[in-house]
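The chain contents come next:
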Amino acid sequence: MLHYNFLLITFASILLKSIMETKKRKLITLDEFTIQETRKFPNATGELSSLLRDIALACKIINKQVNKAGLVDILGKHGATNVQGEEQMKLDIFANETLINVLQNSAECAGIASEENDEFVSFDDAYSVNSKYVVLFDPLDGSSNIDVNASIGTIFSIYRRLSPLGSPCTEADFLQAGNKLMAAGYVIYGSSTMLVYATKIGVNGFTLETSIGEFCLSHPDMKCSENGKIYSLNQGNTNKYEQGVKDFLNYCMEENKEEGRPYSHRYIGSMVADLHRTLIKGGIFIYPADKKNTAGKLRLQYECNPMALIVEAAGGVADFGAGRILDIEPVELHQRTPIYIGSKKMVEKALSFAQ
Ligand code: AHM
């Protein structure tokens, strides 16, 4: 009898331990996470969560195609040029169309603006005109990396529209400053696929669990460290840079054992990949103005504002050289801006050379 009781107790404690461990390991999907977050705000309607679910769905479809890129004839230039005069590639077009189609069918999106389209698109069907959000996106950033199998990404931003519900969107809906963003994020198609999503109150990362087709919380409450040891910019352009940027580069390369210099230089040439590393490991990413391109290269509304919201919400800094990226009042959809973004102290140091 004693022996039987002992076995029973042992079995029960093993069972309890395994239940506790399963609970500890429980996967939290993006949907579950956003529902839990929505419950914290009594007036929240869940529309933003639903919109995020639709964007995630589009990115899962894009991810599938990105993974297949080497196998099917979808790689290579398509021949068309986008509004910036750059050659589009087939995957760019696929990603653009996928996002537009999914968001047009979403009940929560009134219209979109894409880096690949000259003009914004207002969805004027009965559901969409009554939606309160508009979405801006760069469907496939870093596309010159597609044919070398390096990481690329989708960047998105969500604003509450300014035009009245029930009417078509106007350009003003898409020309809001970054400080008006409701949310922003990116999906990196890399060694694993990850969705990083930010609101003003924080940043969370979700890794795509391919066996169940769900983004699962893997990087809760992401923080950008206050200082870093990696600088990231196209060093090949040094001759074209202003003296302040050249001086900062010299500072990064200078030997100073106490301060851990020289710093390491890392540059993929894909903003999502370079920013993802900066967020996780700390450091600075710069795409400055130069003598020829006085506004830099990267687009304010499609690339810099969403990344600025993410990095600031993680405790970092994003500046255009003379102020916060998020405070720039945009005047056109495809406007460019210089950007200094990343760990607070490193950005401050870089800017101190520009004074
Ligand atoms: P893309 O829209 O053609 O992909 O260009 C954007 C990319 C960014 O991802 C990256 O940071 C930058 O261009 C790299 O530019 P460069 O090759 O001039 O260094």
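Here, every reference points to the structure presented above.
The text that follows walks through the structure, step by step, so that each part is easy to find. (Residues numbered from 1 in each chain as written. Predicted model: local features only at pLDDT ≥ 70, side-chain atom pairs only at ≥ 80, totals over all residues. Heavy atoms only, no water.)

A few points about the packing of aromatic side chains
Heads up, the rule is: Whether two aromatic rings pair depends on their centres lying within 6.5 Å, for rings of Phe, Tyr and Trp, where Trp uses its six-membered ring; planes under 30 degrees apart make the pair stacked, over 60 edge-to-face, and the rest tilted. Working definition: helices are DSSP H or I runs of at least four residues, strands are E runs of at least two. Numbering for both runs from the N terminus.
Per the stated rule, a full pass over the model turns up 7 aromatic pairs. For the ring pair Phe248 and Tyr251, a centre distance of 6.1 Å and an interplane angle of 25° mean the geometry is stacked. In this pair, Phe248 and Tyr251 are both assigned in helix α6 (residues 243-253), 3 residues apart and thus about one turn of the helix distant. Pairing Phe248 with Phe353 gives two aromatic rings, centres 6.0 Å apart and planes at 55°, and the pair type is tilted.

Let's talk about the sheet that holds strand β11 (residues 230-232)
For clarity, the cut-off: In this analysis, strands are considered paired if DSSP registers two or more bridges between them. By definition, residues are in contact when any of their heavy atoms lie within 4.5 Å. Whenever a helix is involved, its axis is fitted only over the stretch in contact; in every case the axis is a line through C-alpha atoms, and angles between N-to-C directions fall within 0 to 180 degrees.
Spatial ordering of the open sheet is given by β12-β11-β13-β15-β14, a layout of 5 strands whose pairing is mixed. The open sheet terminates on both sides in strands that have one partner only, identified here as β12 (264-265) and β14 (317-319). Pairing geometry for β14 and strand β15 (residues 339-342), over 3 bridges, is antiparallel. Each bridged residue has a counterpart across the sheet, and for Asp319 the counterpart in β15 is Tyr340. Against the sheet, helix α8 (residues 300-313) touches β14 and β15, its axis set at about 30° to β15.

Describing the site of the ligand
Note the following rule: Consider each residue's heavy atoms; a residue with any of them within 4 Å of a molecule or strand counts as near. Throughout this description, a polar contact denotes any pair of N or O atoms lying within 3.5 Å of each other; where both atoms belong to protein, one of them has to be capable of donating a hydrogen while the other can accept it, and for residues adjacent in sequence the pair is counted only when both atoms sit in side chains. Methods summary: accessible areas were calculated by the Shrake-Rupley approach with a probe of 1.4 Å, and residue burial reflects only the protein chains presented. Side-chain classes follow a simple rule in which Ala, Val, Leu, Ile, Met, Phe, Trp, Tyr, Cys and Pro form the nonpolar group, Asp, Glu, Lys and Arg form the charged group, and the remainder, Gly included, forms the polar group. The source of the domain bounds is an automatic or database domain assignment.
Inspection of the region around the ligand gives 15 residues, with Asp141, Gly142, Tyr267, Met271 and Tyr287 positioned closest. In this structure, Gly142 approaches the ligand through a main-chain N or O atom, which is 2.7 Å from an oxygen atom. With respect to the ligand, the side chain of Tyr287 contributes an N or O atom lying 2.6 Å from an oxygen atom. About the coverage of the ligand: the protein hides 83% of its 470 Å² of free accessible area. The class makeup of the residues in the shell around the ligand is 5 nonpolar, 5 polar and 5 charged. When residues are assigned to domains, the shell around the ligand turns out to be shared by domain 1 (27-219) and domain 2 (230-354), each giving three or more.

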